[in-house]
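# Observations on the three-dimensional arrangement
Chain by chain, the residues:
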Amino acid sequence: MTGDAIWQRLSTPCDVLIIGGGITGAAILHEATRRGLHAVLVERGDFASATSSRSSKLVHGGLRYLAEGKIGLTRESVIEREALLHAAPGLVDPMPFLMPHYRGRRPGRLELGIGLALYDLFAGRRTHRYLDSEETQRLAPTIATAELTGAHLYTDATTDDARLVLRLIGHACDGGATALNYTNATSVVRRDGRVVGAEVTDGESNRKTTIPARAVINATGVFATGLRLRPLRGSHLLLPDWRLPLAQAIALKHPADGRPVFAYPWLGATLVGTTDVDHHDALTMEPQISRAELTYLLEALQAQFPRSDLCESDIIATYAGVRPVIDDGQSDPSKAGRDHTVLTEPGMVTITGGKLTTFRPMALAALRACAPMLAPKTFSLDERPIFTPTTLPVSNLSQATRQRLAGRFGPHASTLLAEAREDDTQAIGALPFLWAEVRWSARREHVVHLDDLLLRRTRIGLLARNGGAAFLPRIRAICQEELQWDDLRMASEEAHYKERIALRYGLPA
Ligand SMILES: Cc1cc2nc3c(=O)[nH]c(=O)nc-3n(C[C@H](O)[C@H](O)[C@H](O)COP(=O)(O)OP(=O)(O)OC[C@H]3O[C@@H](n4cnc5c(N)ncnc54)[C@H](O)[C@@H]3O)c2cc1C
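For clarity, every value in this text was computed on a predicted model and none was experimentally measured. Sequence order as written defines residue numbering, which begins from 1 separately in each chain. It should be noted that, the model being predicted, local features are given only for residues of pLDDT at least 70 and side-chain atom pairs only at 80 or more, the latter also being counted only at that level, while totals for whole chains, interfaces and linings use all residues. Values shown for side chains rest on all heavy atoms present in the structure; no hydrogens or waters enter the calculation.

## Side note on helix α2 (residues 23-34)
Definition in use: Numbering of helices and strands starts at the N terminus; helices are DSSP runs of H or I of at least 4 residues and strands are runs of E of at least 2. Expected span of a helix: the number of residues minus one, times 1.5 Å. Between buried and exposed lies partly exposed: a residue is buried under 20% and exposed over 50% of the maximum accessible area for its type, with that area taken using a 1.4 Å probe on protein chains only.
Between its first and last C-alpha, α2 extends 17 Å over 12 residues, near the 16 Å set by a 1.5 Å rise per residue. Burial within α2 is extensive, with 11 of its 12 residues counted as buried. Taken as a whole, α2 has its buried residues at Ile23, Thr24, Gly25, Ala26, Ala27, Ile28, Leu29, His30, Glu31, Ala32 and Thr33. Positive phi shows up at Gly36, right after α2, with a value of about 85 degrees.

What follows is the structure in structure tokens.
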């Protein structure tokens, strides 16, 4: 359908209009569409461009939350982790975690063992075991060994958060939903005290329209208004895996304050994070790591991997995200609540907070809250598998690549390969992506700017030095062919992208 046809269709009243295209909005769109609702989503930037592409990429119960007595949240998250591992292998994958124990440091062997037993009980399977010091060093030869007594090994999961959002949106659109990126909801429309739709503006063309809706769902995360939110920033570092090769995630205790920091393998690099600090900058500005956070994360690495001699010049990229946390008056940011909140007013539901991991229960909670607004229309709120697992037939691609493609592109993975040119089935340098993915995303995945392609459809911008500048000539050829960008447009996209990489994804000044 052309852009004009889509915009014309927007004037037909929909059942639910979702504002915000992060994981929460995407999950609501997916759940609403497959329950027979006519749903529309508008996102003012690119899909997942805010917090949902900047998380720690963990699909996890959160042992920290268990230690804080948040048993319900941990249990729900572990159940969702298990469901996602089953539904989307290749997009959500198991990750072994090693938690070393040092003499005199908490949590001790018994305390952690009890927590992990509970964690396993929620999952309905045992993943944890205790290792002595020798076994621990065999698994993680570079960790600090002074006072090391052993470690616990257990399993959680990692994902590519932006691709998870895109997969949810993709399924919804295949089922008849409409999702528009770079479309800003400028105000909600009220009639007789009830919200009946929203005014939206296309950020590219400045075209405006009103989308009438029986219910509006505000899923704008940290941008939600009318709630006491405490924006908390978390930042991460990406290092080449050869500088810090890890076979599993390692939980580090920061030497200064004892906070847990994790280092783990992610898409061929080593990801380190996160910090947790109050975010005082304007929310309209893209967040970035501060020098203090960078020093903090490097200190944690230097203490845990003293022989690796890690320093600033090892860092490939950094990124920061802002968490929508409900302000519960806690002075310690790390202890502030991670539960979600649902607020209703006539014609509108606002949902914020929560975690990436728990997107499905959050989406169902939002739909439950707007069900009375949609009456007499009824729909089922039963829990369904998140996705049907996809597999690709055996080919000359490795099993790992086929699984990764199936997880990221779901039912479209086979078409992606069928449409690929012969030389597009090569990997992009040493990155775990094929050129065919870049072409597919440019052709089919609502790419509006170069950032969309390199920071979220693929993660080239985070995983290659200088945002993948070395690959730009071939990326340029693909964009010009698939997106019909002329030389002028391409030059302007590249200039903007390079500036953004330097300012927001590099080392702080
Ligand atoms: C550093 C960090 C690490 C994290 N790590 C994890 C983790 O490992 N595991 C986990 O489970 N959770 C994690 N989380 C939490 C998780 O990332 C968030 O809970 C989740 O991404 C929030 O998603 P969201 O869709 O609610 O918000 P967002 O992703 O921020 O989406 C809201 C969207 O609304 C859009 N928007 C705002 N206003 C408008 C408007 N007027 N019109 C149209 N669109 C609008 C924004 O552009 C934005 O894209 C982490 C969070 C942070 C910050």
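Next comes the rest of the description.
## Some details on the nonpolar core
What counts is decided by this rule: Side-chain atoms within 4.5 Å link the members of a nonpolar core, which is a set of buried Ala, Val, Leu, Ile, Met, Phe, Trp, Tyr and Cys residues. For this analysis, residues touch if any pair of their heavy atoms sits within 4.5 Å.
Counting residues in each nonpolar core, the largest one holds 50 residues, and the members touching the most others are Leu238, Leu450, Ile460, Leu463 and Ile475. Here this core gets five residues from one element, more than from any other, and that element is helix α5 (residues 109-123). With near-sequence residues (within four places) excluded, Ile460 lies in contact with Ile428, Leu431, Phe433, Val438, Leu454, Gly467, Gly468, Phe471 and Ile475.

## A look at the pattern of salt bridges
Here is the rule: Salt bridges, as used here, are contacts in which a Lys or Arg side-chain nitrogen is within 4 Å of a carboxyl oxygen on Asp or Glu.
Taken as a whole and assessed by the stated rule, the structure comprises 47 salt bridges. Notably, a salt bridge pairs Glu82 with Arg125, separated by 2.6 Å at the nearest N-O pair. Residue Glu82 is found in helix α4 (residues 71-87), and its partner Arg125 is found in the loop between α5 and β5 (129-132); the two are separated by 43 residues along the sequence. Given a relative accessible area of 19%, Glu82 falls into the buried group. The class of Arg125 is partly exposed, set by a relative accessible area of 34%.

## Comments concerning unusual backbone geometry
Cis geometry marks the peptide bond from Gly273 to Thr274; its omega dihedral reads 5 degrees. Structurally, the position occupied by Thr274 is in the loop between β14 (269-273) and β15 (277-278). Residue Pro376 follows Ala375 across a cis peptide bond; omega there is 10 degrees. Considering the arrangement of structural elements, one finds Pro376 in the loop between α9 (359-374) and α10 (399-409). In this structure, Lys57 takes a positive phi of about 70 degrees despite not being glycine. Within the secondary structure, Lys57 is located in the loop between β2 (39-42) and β3 (58-59). Taking the relative accessible area as the measure of exposure, Lys57 reaches 0% and is therefore buried. The backbone of Leu267 sits at a positive phi, close to 45 degrees, despite the residue not being glycine. Within the fold, Leu267 resides in the loop between β13 (260-266) and β14.

## Remarks on a nonpolar patch on the surface
The cut-off we apply is this: Exposure above 30% relative accessible area and no salt bridge define the residues that can form patches, which grow by joining like charges within 9 Å and nonpolar side chains of Val, Leu, Ile, Met, Phe, Trp and Tyr within 5 Å. Every accessible area reported is derived by Shrake-Rupley at a probe size of 1.4 Å, with residue values counting cover from the shown protein chains alone.
Taken together, the side chains of Ile71, Leu118 and Leu121 present a nonpolar region at the surface, about 270 Å² in accessible area. You can see Leu121 is positioned in helix α5.

## Topic: the environment of Gln302
How we decide: Within 3.5 Å is the distance limit for a polar contact, defined as a pair of N or O atoms, with the added protein rule that one can donate a hydrogen and the other accept it, and that residues adjacent in sequence qualify only through two side-chain atoms.
By secondary structure assignment, the location of Gln302 is in helix α8 (residues 291-304). Its relative accessible area of 37% is what places Gln302 among the partly exposed residues. Among the polar contacts made by the side chain of Gln302, one reaches the main-chain carbonyl oxygen of Leu310 at a distance of 2.9 Å.

## Section: the site of the ligand
As a reminder, the rule being used: Being near a molecule or strand, for a residue, comes down to having at least one heavy atom within 4 Å of it. Three categories are distinguished: nonpolar for Ala, Val, Leu, Ile, Met, Phe, Trp, Tyr, Cys and Pro, charged for Asp, Glu, Lys and Arg, and polar for the others, with Gly belonging to the last.
The environment of the ligand is made up of 35 residues, and the closest members are Thr24, Glu43, Ser52, Leu58 and Thr357. A distance of 3.1 Å is found between an oxygen atom of the ligand and a backbone nitrogen or oxygen belonging to Ile23. At a separation of 2.7 Å, a nitrogen atom of the ligand approaches a polar backbone atom of Leu58. Of all elements in the fold, only α2, β8 (183-191), β11 (229-240) and β16 (317-326) reach the threshold of two or more residues within the shell around the ligand. By residue class, the composition of the shell around the ligand is 10 nonpolar, 19 polar and six charged.

## Details of the pairing of strand β6 (residues 148-159)
We apply this condition: Note on pairing: DSSP must find at least two bridges between two strands before they are called paired.
Across the 12 residues that make up β6, a large majority, 11, are buried. Here strand β4 (residues 92-102) runs beside β6; their pairing, made up of 11 bridges, is antiparallel. Within β6, the residue paired with Pro94 across the bridge is Ala157. Pairing geometry for β5 and β6, over four bridges, is antiparallel. If you follow Asp132 over to β6, its bridge partner there is Gly150.

## Points about the layout of surface pockets
Put simply, the rule reads: With a 1 Å grid laid over protein atoms only, a set of points is called a cavity when a 1.4 Å probe fits there but cannot get out and a pocket when it is open yet has protein on both sides within 12 Å along at least five of seven lines; lining residues have an atom within 4 Å of a point. Grid points are joined across faces, edges and corners, and a volume is the space filled by probe spheres set on the points.
Taken as a whole, the second largest pocket encloses approximately 1,000 Å³ of empty space. Where the lining of the second largest pocket is concerned, the elements lending two or more residues are α1 (3-9), α7 (161-174), β7 (178-180), α10 and α12 (435-444). Per-element tally for the lining of the second largest pocket: the top contributor is α7, with eight residues. Residues belonging to the lining of the second largest pocket are distributed by class as follows: 15 nonpolar, 11 polar and 11 charged.

## Here's the deal with helix α16 (residues 487-504)
Defined as follows: As used here, the arc is the angular range of directions from the helix axis to the C-beta atoms.
Under the 1.5 Å per step criterion, the end-to-end length of α16 is 25 Å for 18 residues, consistent within 8% with the ideal 26 Å. For α16, the set of buried residues is Met490, Glu493, Glu494, Tyr497, Arg500, Ile501 and Arg504. Buried residues of α16 fall within an arc of 135 degrees about the axis and therefore sit on the same side. Away from its buried face by more than 90 degrees, α16 exposes Asp487, Leu488, Glu499 and Ala502. Next to the buried residues of α16 lie β16, α13 (450-457), α14 (460-463) and α15 (472-482).

## Quick word on the packing of aromatic side chains
For the record, the criterion: Only centres within 6.5 Å qualify two rings of Phe, Tyr or Trp (six-membered ring in Trp) as a pair; their planes then separate them into stacked at under 30 degrees, edge-to-face at over 60, and tilted for everything else. Geometrically, a charge over a ring is one whose NZ (Lys) or CZ (Arg) sits within 6 Å of the ring centre while staying within 35 degrees of the ring normal.
Within this structure, the stated rule accounts for four aromatic pairs. For the ring pair Phe97 and Tyr154, a centre distance of 5.4 Å and an interplane angle of 25 degrees mean the geometry is stacked. In this pair, Phe97 sits in strand β4 while Tyr154 sits in strand β6, placing the two residues 57 residues apart along the sequence. Take Tyr154: its relative accessible area is 2%, and that puts it in the buried class. The rings of Phe97, Tyr119, Tyr154 and Phe262 are connected pair by pair, giving a single aromatic cluster. Just above the ring of Phe223 sits the side chain of Arg44; from NZ or CZ to the centre is 4.6 Å. The ring of Tyr130 has Arg109 lying over it, and the distance from NZ or CZ to the ring centre is 3.6 Å.

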